[in-house]
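So the chains spell out like this:
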Amino acid sequence: MLAELGPDGPAGLLAPRLARFAAVARLEHVTRAAQLLAVPQPTLSRTVARLEEELGVALLARQGRTVRLTRAGRVLLGSVERALAELERGAEAARAEADPEAGRVVFGFLHTMGTDAVPALLRGFRADHPRVRFQLVQDYVAAMLGRLRSGELDLCLVSPLPDAPDLVARPLDEQRLHLAVPADHRLAGRRRVRLAEVADEPFVAVERGYGLRVLLEGFCEEAGFAPRVAFEGEDAETLRGLVAAGLGVALLPPALVPRPGVVELDVTAPRTRRAIGLAWVAGRPATRPVAEFRDFVLSRRGRLLDHD
């Protein structure tokens with residue numbers, strides 16, 4: 001349940017006074033509480049009096065220079081202590097996010113980048129920043145850009161690069177996409193093909209919204225046809241399995257390890273390459289760990305991928 005934050009809600013009225021009430025309640029002495037908080041004693045006394053007035057109940061029973069909690073005061077103090085402890089934990093967690101040595105970076109990337117490129121980036125960065133923590137998120141491009149804008153992600157590796165005024169996108173590398181065909185396919189003995197040569201064949205592809213799907217449709221349009229997608233999946237290895245089973249052909253990044261039953265061919269027309277880049281929100285302040293990791297990734301331009 002969220003607290004009411006309007007000008008007349010309890011949280012808005014009471015929050016500034018609760019820490020002062022807690023100090024008086026803990027010490028059971030207004031003068032010592034004022035010294036602890038470094039505020040004048042009359043100011044502290046007025047704060048507690050206003051709190052009692054707003055709640056309509058006595059919180060303290062005054063006995064000379066000391067005070068004692070009333071039953072209502074003890075009830076309130078329990079909640080105040082829990083709230084202050086949670087606030088302190090939240091403040092510590094917020095500071096930890098930006099810790100220059102051990103802060104956190106939330107980094108998003110394409111599924112196809114998770115097997116080699118991203119681990120290599122992290123290994124290289126952690127060599128000089130061993131205590132920086134990472135939360136890694138794999139998703140398709142449209143979802144990652146949404147999460148980037150919402151603040152869930154600090155940075156993300158994407159393809160194709162977004163063209164939007166609220167985002168900054170920097171190209172890092174270019175990757176060749178191969179035509180994957182079954183081992184017994186009529187073109188399997190070739191090294192190079194034109195994409196138009198499979199215009200009439202079924203394709204297996206990632207779902208709509210994924211960058212690879214956008215690229216497939218764009219390259220096929222360049223080749224003069226619309227791909228007939230027979231099966232959809234979420235990752236490249238699943239698609240290779242479908243190709244090996246003879247269910248279609250696919251346009252995919254190079255496999256790290258050859259897949260039995262699949263032959264990968266160079267495409268000469270059109271030029272089936274995809275640009276991979278780093279994106280972040282324009283104008284959003286970055287913590288030091290995020291800024292340093294961003295600079296490190298940008299320094300890998302042209303060396304992010306192994307070229308074939």
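Residues numbered from 1 in each chain as written. Predicted model: local features only at pLDDT ≥ 70, side-chain atom pairs only at ≥ 80, totals over all residues. Heavy atoms only, no water.

Asks: Quick rundown of the nonpolar core? Include the residues and the values.
Replies: Formed by 36 residues in total, the largest nonpolar core has its most connected members in Phe107, Met113, Leu157 and Leu304. At the level of secondary structure, the elements contributing two or more residues to this core comprise β3 (104-109), α5 (117-126), α6 (141-150), β5 (155-158), β6 (167-176), β13 (273-281) and α9 (288-298). Once you skip the residues sitting within four places of it in the chain, methionine 113 turns out to touch Val118, Pro119, Leu157, Arg274, Ile276, Leu304 and Leu305. Ala180, Val206, Phe219 and Ala250 belong to the second-largest nonpolar core, a separate cluster that totals 31 residues. (Core = buried A, V, L, I, M, F, W, Y, C linked by side-chain atoms within 4.5 Å. Buried < 20%, exposed > 50% of the residue type's maximum accessible area, 1.4 Å probe, protein only. Helix = DSSP H or I, 4+ residues; strand = E, 2+ residues; numbered from the N terminus. Contact = heavy atoms within 4.5 Å.)

Asks: Explain the sheet that holds β5 to me, using residue names and the numbers behind them.
Replies: By definition, the strands of a sheet pair up through backbone hydrogen bonds, in either a parallel or an antiparallel sense. With mixed pairing, the five strands of this open sheet are ordered in space as β4-β3-β5-β13-β6. Here the strands that pair on one side only, and so sit at the sheet edges, are β4 (133-138) and β6. This sheet shows a mean twist of 20 degrees between the axes of neighbouring strands, independent of strand direction. Bridge count between β5 and β13: three bridges; the pairing is antiparallel. Bridge pairing links leucine 157 to leucine 278 in β13. (Pairing = 2+ DSSP bridges. Axes fitted to C-alpha atoms, helices over the stretch in contact; angles between N-to-C directions.)

Asks: Quick one: what's the story with the pattern of salt bridges, residue by residue and with numbers?
Replies: A complete count under the given rule lists 19 salt bridges for this structure. Taking the shortest distance from any N to any O, the salt bridge between glutamate 81 and arginine 26 comes out at 2.7 Å. A residue pair is termed long-range when its members are at least 10 positions apart, and glutamate 81 in helix α4 (residues 71-97) and arginine 26 in helix α1 (residues 10-27) qualify at 55 residues. On the basis of relative accessible area, glutamate 81 is assigned to the partly exposed category, the value being 25%. Here glutamate 28 makes a salt bridge to arginine 68, at a shortest N to O gap of 3.3 Å. Of this pair, glutamate 28 sits in the loop between α1 and α2 (30-37) while arginine 68 sits in strand β2 (residues 66-69); the two residues are 40 residues apart in sequence, bridging distant segments of the chain. (Salt bridge = Lys/Arg side-chain N within 4 Å of Asp/Glu carboxyl O.)

Asks: Now, about unusual backbone geometry: what can you tell me, with residues and values included?
Replies: Put simply, serine 159 and proline 160 share a cis peptide bond, and its omega is -5 degrees. With respect to the helices and strands, proline 160 occurs in the loop between β5 and β6. The peptide bond linking alanine 269 to proline 270 adopts the cis configuration, its omega dihedral lying at -5 degrees. Counting through the fold element by element, proline 270 comes out in the loop between β12 (262-269) and β13.

Asks: Give me the lowdown on the pairing of β2, citing residues and values where you can.
Replies: Covered by surrounding structure in β2 are Val67 and Leu69 only, the residues Thr66 and Arg68 on the alternate face being uncovered. Bridging between strand β1 (residues 60-63) and β2 involves four bridges; their strand directions are antiparallel. The residue of β2 that forms the bridge with arginine 62 is valine 67.

Asks: Break down the sheet that holds strand β7 (residues 178-182) for me, citing the residues and quoting the values.
Replies: What the four strands build is an open sheet, ordered β8-β12-β7-β11; its pairing is mixed. The sheet is open, and its two borders are formed by β8 (192-194) and β11 (250-252), each paired with just one other strand. When the angles between neighbouring strand axes are averaged without regard to direction, this sheet yields 45 degrees. Pairing geometry for β8 and β12, over three bridges, is parallel. Each bridged residue has a counterpart across the sheet, and for valine 193 the counterpart in β12 is valine 267.

Asks: Provide a residue-level description of the packing of α2 against helix α3 (residues 41-55), including the pertinent values.
Replies: The N-to-C vectors of α2 and α3 enclose an angle of 105 degrees; their axes lie 9 Å apart at closest approach. In terms of their interaxial angle, α2 and α3 are classed as roughly perpendicular. Touching Val30, Thr31, Ala33, Ala34 and Leu37 of α2 are Gln41, Leu44 and Ser45, all from α3. (Parallel < 35°, antiparallel > 145°, perpendicular 65-115°, else oblique.)

Asks: Kindly report on the side chain of arginine 294, identifying the contributing residues and their values.
Replies: Checked against the element boundaries, arginine 294 lands in helix α9. The charged side chain of arginine 294 is buried without a salt bridge, its nearest counter-charge being aspartate 295 at 4.1 Å. If we ignore the near neighbours within four places in the chain, the residues touching arginine 294 are Leu155, Leu278, Trp280 and Ala286. (Lys, Arg positive; Asp, Glu negative; His and termini not counted.)

Asks: Lay out the environment of arginine 71 with the relevant residues and their values.
Replies: Inspection of the secondary structure assignment puts arginine 71 in helix α4. Placed 124 residues apart in sequence, arginine 71 and leucine 195 show a C-alpha to C-alpha distance of 81 Å.

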